[in-house]
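Secondary and tertiary structure notes
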There are 2 protein chains.
Amino acid sequence: VPAGGEFAYISWLRARIPADARVLVGPGDDTAVLRPGTRAQLVTTDMLLEGSCFLLEGPGSATPRQIGRKAMAVNLSDIAAMAGLPTAAVVSLGLPRTRGRALGEELFLGLREAADAFGVAIVGGDTNSWDGPLVVSVTLLGEATERGPVTRRGAKPGDWLLVTGAFGGSILGKHLDFTPRVCEAQQLHQRADLRAMIDVSDGLAADVNHLCEESGCGAVLRAEAVPIAPEARRIADGRSPLEHALGDGEDFELAFAVSPDEARALLAEQPLPGVLLTHIGEFVNAGLWLEQGSERRALEPRGFVHAIE
Amino acid sequence: VPAGGEFAYISWLRARIPADARVLVGPGDDTAVLRPGTRAQLVTTDMLLEGSCFLLEGPGSATPRQIGRKAMAVNLSDIAAMAGLPTAAVVSLGLPRTRGRALGEELFLGLREAADAFGVAIVGGDTNSWDGPLVVSVTLLGEATERGPVTRRGAKPGDWLLVTGAFGGSILGKHLDFTPRVCEAQQLHQRADLRAMIDVSDGLAADVNHLCEESGCGAVLRAEAVPIAPEARRIADGRSPLEHALGDGEDFELAFAVSPDEARALLAEQPLPGVLLTHIGEFVNAGLWLEQGSERRALEPRGFVHAIE
């Protein structure tokens, strides 16, 4: 970080970190110190790498502010997937020497926007400048609610598979500007016994497959039921909107397992303001399947749909 | 990560992560889940970047195993500086696509070596491959002891400044293969009221200066008392061994403030097996000073000693 060096940048950061009752010692010591929680603690981390996870220049590029927001939001989405409450984050940066401090400041403002929206304290980090591309690594802490964390492991054959929102085409914008479903997960967790949950980052089919693998079961998705985002219809690349919805990823919606009774109640109530709950399938004993009309075909975790033989 | 992709590497990792009673959910879910602690929680993070923090090729290069160990050990050193107990870590990697999986495996084995030595559970992470250089980011959690964390803020004029070990020349090897002073900090914290502490990473003068800034006081170091590592005498670059000891950094020793009475008791007892405690100066009202014989000169935080005028 030129123009004053890392210490000047860190001073700038520290001046922008508000006091927080949960934080006993914030940035500027060897470690942050937080008040102990009383509930199970959640920890997640995500690293965003320039050129691989985002571009800063050219077509499809993102602003530093958007990258900062996304770096925090992908972690928030992981906490949401456990129906947890996010609490505190640390942020490590590898800043390109040539683009300097303005980039670091914009990044931080984006990180703060996403953190502030969910009451997360930024309590520390490690700021480096180097000759490589931009690297942003965020570790987010959170805690489970009194109902405990929702893992990927509890789905059972017969459970219904529900999702928030719609899928596909996130590359057209949503992958950078999404709302992590932290509040929605809380509301669902209060109303129903969520047996297993995941946030959809790898793709709907892949992430439902993760739920199945961890739970030791299978799932059937009904093609007609999958909510397809309008953006998935706007990509003319030979793949159908359904294939985009099943395979694209970075939707950052929730997919979860509940009992049929609780699922029916949730679907009737639709308790999430502005976010539709949809019943897209059921958990079964084994396999990953797509049902279209009366046909049931194998579904690849990548979202590829096998032709009917 | 070619040859099987990231999922295969992650499976390899998961098979090498032992069960741990503190860990309710380990790698493989959206977040790790840890049992809540009862004491103040510590969080620290460090990012190591190839070409800036280490080299993988050429003179002065490190093995992937050493880099893994160091990435964990620098964080352990931060927990030590709070007199804390390390508990759990998450690890994010940016792996160069061309060097692939062997690099990732060696790194992980190094991370595990350092983690195992201090009872740290590796509970999650984020593994990416990209076209950039190697990036390793570790976030380490810990907890304070029943005496509470030792910050940088509590030094008072009149306190003595003590250090563990010797300083300078770490670039000749110690910067890669050091023992973070986790156990030593525990032992000191049981025996004495440590008023402020830091681990020496930026350099002895710079880090004593950090203690002074955070505590709102100054310090005088006595040149004759500073323990100089043999390696500091082996670098023939025109700077004196003392200047190396004051300025080099990455010694990963502890510098701390205690009352004169407690300092005398510690120095007489020398409670740390194989690690010498040395009294190198005192805290004063303001300034950073080096005393040599009867002369007192300003000491630059970078370790530069001003000539006597």
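Predicted model, so just to flag it, every value in this text is computed and none were measured. (Residues numbered from 1 in each chain as written. Chains lettered and ligands numbered in written order. Predicted model: local features only at pLDDT ≥ 70, side-chain atom pairs only at ≥ 80, totals over all residues. Heavy atoms only, no water.)

Side note on the side chain of Glu184(B)
How we decide: Here a strand is any run of E in DSSP of at least two residues, a helix any run of H or I of at least four, and the numbering for each starts at the N terminus. Whether two residues are in contact is decided by their heavy atoms: any pair within 4.5 Å suffices.
On the secondary structure map, Glu184(B) appears in helix H4 (residues 182-191). Each residue touching Glu184(B), except ones within four places of it in the same chain, is listed here: Leu272(B) and Val275(B).

Some thoughts on the pairing of strand E8 (residues 196-199) of chain B
All names here are of chain B. Convention followed: Burial status follows relative accessibility: with a 1.4 Å probe on protein chains alone, a residue under 20% of its type maximum counts as buried, one over 50% as exposed, and anything between as partly exposed. Two strands form a pair only when DSSP identifies at least two bridges running between them.
Of the two faces of E8, the one lined by Ala-196 and Ile-198 and the one lined by Met-197 and Asp-199 are each fully buried. Where E8 lies against strand E10 (residues 254-258), four bridges are found, and the strand directions are antiparallel. Within E10, the position partnered with Ile-198 by the bridge is Ala-255.

What to know about the interface of chain A and chain B
To be explicit about the condition: When a carboxyl oxygen of Asp or Glu lies within 4 Å of a side-chain nitrogen of Lys or Arg, that pair is called a salt bridge. Each residue is assigned to one class: nonpolar for Ala, Val, Leu, Ile, Met, Phe, Trp, Tyr, Cys and Pro, charged for Asp, Glu, Lys and Arg, and polar for all the others, Gly among them.
The interface is formed by 54 residues belonging to chain A together with 55 residues belonging to chain B. If you look at where chain A meets chain B, you find four salt bridges. Of the charged contacts, one joins Arg152(B) and Asp29(A) as a salt bridge, the two residues approaching to 3.7 Å between their closest N and O atoms. Counting residues per element, the side of chain A that touches chain B draws most heavily on strand E3 (residues 41-49) of chain A, at eight residues. Across the side of chain A that touches chain B, the residue classes break down as 24 nonpolar, 17 polar and 13 charged. Alignment of E3(A) against strand E2 (residues 32-34) of chain B, held across three bridges, turns out to be antiparallel. Within the sheet, the bridge partner assigned to Leu42(A) lies in E2(B) and is Val33(B).

Regarding unusual backbone geometry
All names here are of chain A. Phi angles above zero are rare outside glycine, and Phe-252 is one such case at about 55 degrees. Of note, Phe-252 is situated in the loop between helix H6 (241-247) and strand E10 (254-258). Judged by its relative accessible area of 3%, Phe-252 is buried. In this structure, Gln-270 is a non-glycine residue whose phi angle is positive, near 45 degrees.

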